[in-house]
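Residues per chain are reported as follows:
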Amino acid sequence: MIKRVAIGILLILVVLPLSLLAAENTVKATVDSRKIGINDTVTLRLTVEGPDAMSARVTAAPRSADFRLVSGPNVSTQFRFINGRASTSKVLSYVFMPTRQGQLNLPGVSLQVGDRTFTSQPVAVEVVAGSVAPSGGNRRSADPLADLFDRGTGTDRRPADVADDVFLRLEAPKTTLYVGETTGLALLIYYRVSVTGVELQQKGGVEGIGFEQQNLSGTRQLEERQVNGKIYKVQPVMKWVLYPSRPGQFDIAPWVLRIGVETSSGSFFGFGRPQVIQRRSNTLALTIRDYPRAGRPADFAGLCGRFRLDASMDKTRVTAGEGVTMRVTLSGTGNFRDITELALPPVDGIKVYTPKVRDNIQLQDGVPRGSRTWEFVLVPIREGRVRIPAVELVAFDPADGQYHRLKTRTIDLDVSPGAVAESTPTAGTGPVPLERKGQDIRFIHAGAELSLGTGRPLFRRTWFVALFPLVIVVAGLIMVIDERRRRVRSDTRSWARSRAGLRARKALRHLEKTAGDGISDAFVQGLVELWLAYLGDRFAISRIDVTANRLRRHLTTAEIDGETVDRLLELLNRCEGHRYAPAVLEQTRPAELVTTTRDLLARLEGGTI
Amino acid sequence: MNRPLTAIAILMLLAGLTLPVAGAVSGPAEAVRAGNRLYEHGRYREALDAYHQAEDQGERSADLFYNMGNAAYRLGHVGQAVLCYERALWLDPGHVDARFNLDFVQQQLVDKIPEPEDSAVGRFWNWLLARVGVDVVAVITLVFLTLSAMVGVIFLRRRHTAGRRVWGALAAVILAITLMSGGVFGAMVWRAETLRQGIVVVRELDVRSGPADDNPVLFSVHEGLKVEVNARVRGWVQVVLPNGWNGWVPGKSVTVVQDGL
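Being a predicted model, the structure only gives us computed values, none of them experimental. (Residues numbered from 1 in each chain as written. Chains lettered and ligands numbered in written order. Predicted model: local features only at pLDDT ≥ 70, side-chain atom pairs only at ≥ 80, totals over all residues. Heavy atoms only, no water.)

Caption draft 1: Just the overall build of chain A, in detail. When its secondary structure is counted, chain A shows seven helices and 31 strands. Going through the 609 residues of chain A one by one, you find that 38% of them count as buried. In chain A, of all internal contacts separated by at least 6 residues, the share reaching a separation of at least 24 is 71%. (Helix = DSSP H or I, 4+ residues; strand = E, 2+ residues; numbered from the N terminus. Buried < 20%, exposed > 50% of the residue type's maximum accessible area, 1.4 Å probe, protein only. Contact = heavy atoms within 4.5 Å.)

Caption draft 2: Structural detail: the overall build of chain B. Each helix and strand in chain B was counted, giving nine helices and seven strands. Out of the 261 residues in chain B, the part that is buried amounts to 43%. Pairs at least 24 residues apart make up 57% of the contacts formed inside chain B by residues separated by at least 6 positions. A total accessible area of about 13,600 Å² is found for chain B, and carbon and sulfur atoms account for 61% of it. (Areas by Shrake-Rupley, 256 points an atom, 1.4 Å probe, with all protein chains shown as cover.)

Caption draft 3: Spotlight on the packing of aromatic side chains. In this structure the tally under the stated criterion is 23 aromatic pairs over all chains. With 4.7 Å between their ring centres and 70° between their planes, Tyr178 of chain A and Phe396 of chain A make a pair best called edge-to-face. Of this pair, Tyr178 of chain A sits in strand β12 (residues 176-178) while Phe396 of chain A sits in strand β29 (residues 392-397), placing them 218 residues apart in sequence. Assessed through its relative accessible area of 10%, Tyr178 of chain A is described here as buried. Of the residues examined, Phe396 of chain A reaches a relative accessible area of 0% and is grouped as buried. A centroid spacing of 5.0 Å and a plane angle of 80° characterise the contact between Tyr291 of chain A and Phe300 of chain A, whose relative ring orientation is edge-to-face. Linked through ring pairs, Tyr178, Tyr291, Phe300, Phe396 and Tyr403 of chain A together constitute an aromatic cluster. Geometry around Phe100 of chain B places Arg442 of chain A over its ring, the cationic atom sitting 3.9 Å from the centre. In this structure, Arg538 of chain A is placed above the aromatic ring of Phe539 of chain A, and the distance from its NZ or CZ to the ring centre is 5.2 Å. (Phe/Tyr/Trp six-rings, centres within 6.5 Å; stacked < 30°, edge-to-face > 60°. Lys NZ or Arg CZ within 6 Å of the ring centre and 35° of its normal.)

Caption draft 4: Molecular detail of the side chain of His222 of chain B. Residue and element names in this part refer to chain B. Summarising the element assignment, His222 is placed in strand β3 (residues 217-222). Judged by relative accessible area, His222 falls into the buried class, the value being 18%. In contact with His222, other than residues within four places in its own chain, are Val110, Asp111, Val200, Val202, Arg203 and Glu204.

Caption draft 5: Up close: the interface of chain B and chain A. Contacts between the two partners involve 45 residues from chain B and, on the opposite side, 30 residues from chain A. Buried surface at the junction of chain B and chain A, summed over both partners, amounts to about 3,200 Å²; 64% is from carbon and sulfur atoms. Along the contact surface separating chain B from chain A lie three salt bridges. Here Arg460 of chain A and Glu193 of chain B are joined by a salt bridge, their closest N and O atoms 3.0 Å apart. Between the two partners, chain B and chain A, sit 14 residue pairs in polar contact (both at pLDDT 80 or more). (Buried area = accessible area lost by both parts, 1.4 Å probe. Salt bridge = Lys/Arg side-chain N within 4 Å of Asp/Glu carboxyl O. Polar contact = N/O pair within 3.5 Å; in protein donor to acceptor, adjacent residues only side chain to side chain.)

Caption draft 6: Representation of the sheet that holds strand β28 (residues 384-388) of chain A in the model. All names here are of chain A. A sheet is described by the order of its strands in space; here three strands give the open sequence β23-β31-β28, paired in mixed fashion. This sheet does not close on itself; its edge strands, each paired only once, are β23 (317-319) and β28. The average undirected angle you get between the axes of adjacent strands in this sheet is 30°. (Pairing = 2+ DSSP bridges. Axes fitted to C-alpha atoms, helices over the stretch in contact; angles between N-to-C directions.)

Caption draft 7: Here's a closer look at unusual backbone geometry. Residues and elements named next belong to chain A. The phi angle at Asn228 is positive, at roughly 50°, despite the residue not being glycine. Relative to the helices and strands, Asn228 is located in the loop between β16 (223-227) and β17 (230-244). Even without a glycine there, the phi angle at Ala540 is positive, about 60°. Relative to the elements of secondary structure, Ala540 occurs in the loop between α4 (521-539) and α5 (548-557).

Caption draft 8: Quick look at the environment of Gly260 of chain A. Note that Gly260 of chain A resides in strand β19 (residues 256-264). Between the alpha carbons of Gly260 of chain A and Val195 of chain A there is a distance of 5.8 Å; along the sequence they are 65 residues apart.

Caption draft 9: Up close: the pairing of strand β5 (residues 236-240) of chain B. All names here are of chain B. By the criterion of burial, β5 is predominantly enclosed, with four of the five residues buried. In the sheet, strand β4 (residues 226-233) pairs with β5 via four bridges, with the strands oriented antiparallel. Note that in β5 the partner of Arg232 across the bridge is Val237. Connecting β4 to the next strand, β5, in antiparallel fashion are two residues, including Arg234 with a positive phi near 45°. Here five bridges tie β5 to strand β6 (residues 246-250), and the two strands are oriented antiparallel to one another. Bridging across to β6, Val239 finds its partner in Gly247. Two successive antiparallel strands, β5 and β6, enclose a turn made up of five residues, where Gly244 displays a positive phi of approximately 100°.

Caption draft 10: Spotlight on the packing of helix α2 (residues 462-490) of chain A against helix α3 (residues 492-514) of chain A. Residue and element names in this part refer to chain A. Packing of α2 against α3 brings their axes to within 5 Å, and their N-to-C directions diverge by 115°. Comparing their axes, α3 and α2 come out roughly perpendicular. In this structure, α2 contributes Val488, Arg489 and Ser490 to the contact, and α3 contributes Thr492, Ser494, Trp495 and Ser498. For the contact of α2 with α3, the class distribution of residues is two nonpolar, four polar and one charged. (Parallel < 35°, antiparallel > 145°, perpendicular 65-115°, else oblique. Nonpolar A, V, L, I, M, F, W, Y, C, P; charged D, E, K, R; others polar.)

Caption draft 11: Just α2 of chain A, in detail. In this model α2 of chain A runs 42 Å from its N-terminal to its C-terminal C-alpha over 29 residues, within 8% of the 42 Å that 1.5 Å per residue would give. At Phe468 of chain A, α2 of chain A is bent by approximately 30°, the largest bend along its length, and proline Pro469 of chain A sits one to four residues beyond. Along α2 of chain A, the residues classified as buried are Phe464, Phe468, Val471, Ala475 and Asp482 of chain A. In this fold, the buried residues of α2 of chain A make contact with α8 (134-157) and α9 (164-194) of chain B. (Expected span 1.5 Å × (residues − 1). Bend = angle between axes of the 7 residues up to and from the residue.)

Caption draft 12: A look at the sheet that holds strand β10 (residues 123-128) of chain A. Residue and element names in this part refer to chain A. Read across the sheet, three strands follow the order β2-β10-β7 without closing on themselves; strand pairing throughout is mixed. Of all strands in the sheet, those bounded by a partner on one side alone are β2 (35-37) and β7 (102-106). If you compare each strand with its neighbour and ignore which way they point, the axes differ by 40° on average. When β7 meets β10, the two strands line up antiparallel, connected through five bridges. Directly across from Asn105, in β10, lies its bridge partner Ala124.

This is the structure:
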């Protein structure tokens, strides 16, 4: 059991894609012979099948120096019946005559089928001297349709008698109609032998009646009927919907088809005998009557059929400014398409917007059935009870030959006060569609949004461009300075030397602030301490080395000029003397010592202080 | 003097004061505002003159060209309108109203030339050019360059500490972004300095195979079409269409968007 199911699924998986493929457009190129004589012709046939077959057209004509085009493209249409399904194919044929002997290629042809372009491959044909056509044969005649239905057995071509076995009929459900009343029309083939295909030979039709061809593809419409005691299979070849537009008597001219049939040959193996026959349909007489004048209402607009008219409202209690949807539905059988506009009677206090039209219409035997709905958006603009009057339409019913007035019911709408203004519906108050009524450019910039200036782009401004190297330079400087500081800090001696002047100046400022008008011990002590610290940091002179001789030697070694050394020694001597004899500095003011110290520091720092 | 005539004279004087003619204004900003007032009263020709006066006085803002485009469109000069909107967008690619009006006017052009399908990179590039602009990329590049410098300095200061890997990775990422942004910026600047886009400003224009009237006509284009302008020879310019077709047209029939900006 499982095995069978698995096989079944497998078959579905295989067959389904194949069937889908079958629904696509295909183009097949064939020639009637691969070997011809220099005096023969060869027919290249392009068979287009698929849903867009009838739209196929040649986009690039075949050209070749080896072949002369005798005729083409000769276009024909084929209808085929396979298991009761009708399919259509289009055949384009070219007849060529070779210009020289040898192994030649028939040129490719480009076809536009639907949205795609197909190009056939060149076909190799051997051309020999003389002629290879069979005597009396017509396979390579210039008529591309001659072998349209040739099935290739070809051993016995004597025609069989199929006079009563195949015939055509034009049939319509109704032959007496009113103007505006539609009906179906079918061209049917009745047959008792195997039919392999049909080809249109002559179109029928008539002036004054509109024809709309219906699609037959994909519908199984084969049935059996008894005619004169014989059972025939009946298959529609074409179907139309007729739209009479004026009264009168009309004869729909017959259609002529060439039909490929296959009759029994009586052989033991049962091979069929193919042949092509021609059949002409009957002429169909139609009587089209005008609508009766008696009792015709003035507002009759040509609605013909059996209908009913209904109206509904999605709500009957609303606030002013709130949108409400009213649906008016015409349902039944008849010419819906002739009624495109439906207007609501004007109602005071109600704004009515252009309706949307929704159709649910199908064709059944050529007659439209279903419904057409108009959806109106109504917006009440003042409070109170509003009565929506009945909508009316006049329809002529061909069944009873009478005019009927169709009416909807009246609907009351209770409108409560709303905050919305009278003029327009607003978003969120109901299904009020926005409607764009026109397009234009936007207004000039004239108010606060107006921005004027030189318009010079930023990247062309010098200051902006300068920012790029500036960022890099600043970053580089920061890195250099930082590196220098890092290195200095890593060497305590160097650090102290670099900071000596700074520290001395700071101490000097402090002394200057705390000094009074006269020289004090604290001031002198502070000054001496300043110098001892400075000399230690700047020149690595320890405190015990601060004697006149040693200090002079150190400073001379440090390339300090003699005058500066002398002045420094003098200052230090005076301070030292103050410890033992305060009168030494009695006449001296602190500012004078500060100035001297600042000057000496500047000299020792090389002018940096 | 009778009173009605006096009243009319006063009204005309007031109208003249409120709607100054283009020649009476001074300064580009005042010329633009005068043009705006004229435009609002439907005097598009005079408004356009006022805008041109502002341009002659050195005004080069996107809004000026946007307003000029509107006035030109109202006068039926579709080519001039396209030119002005393109100039507005060249100065400010984010000018939404100029973009809208340009799209609107382009729908009315005679020539519809399908542009070749771009790759993802090409679409991104076009988006950068059309919607972002050189200035924005320049600012982004500068910001990332500054960030790179800052993070780079921090990384160097902390290269001997435990967090050096984090700072190193951050510096590498920001530096990569900076380099990419800088590359795009450089390419955009190069394009801005070299590209010459022209707008056809005559109703119909025959494009010839060479820079002279006796050369065969290759094809015809119409007002408002944007082309790329290549070479110039004896008053003729070589134009290239978006689909790659090229030929020669008189220089005065095509105005280059970037000229004077």
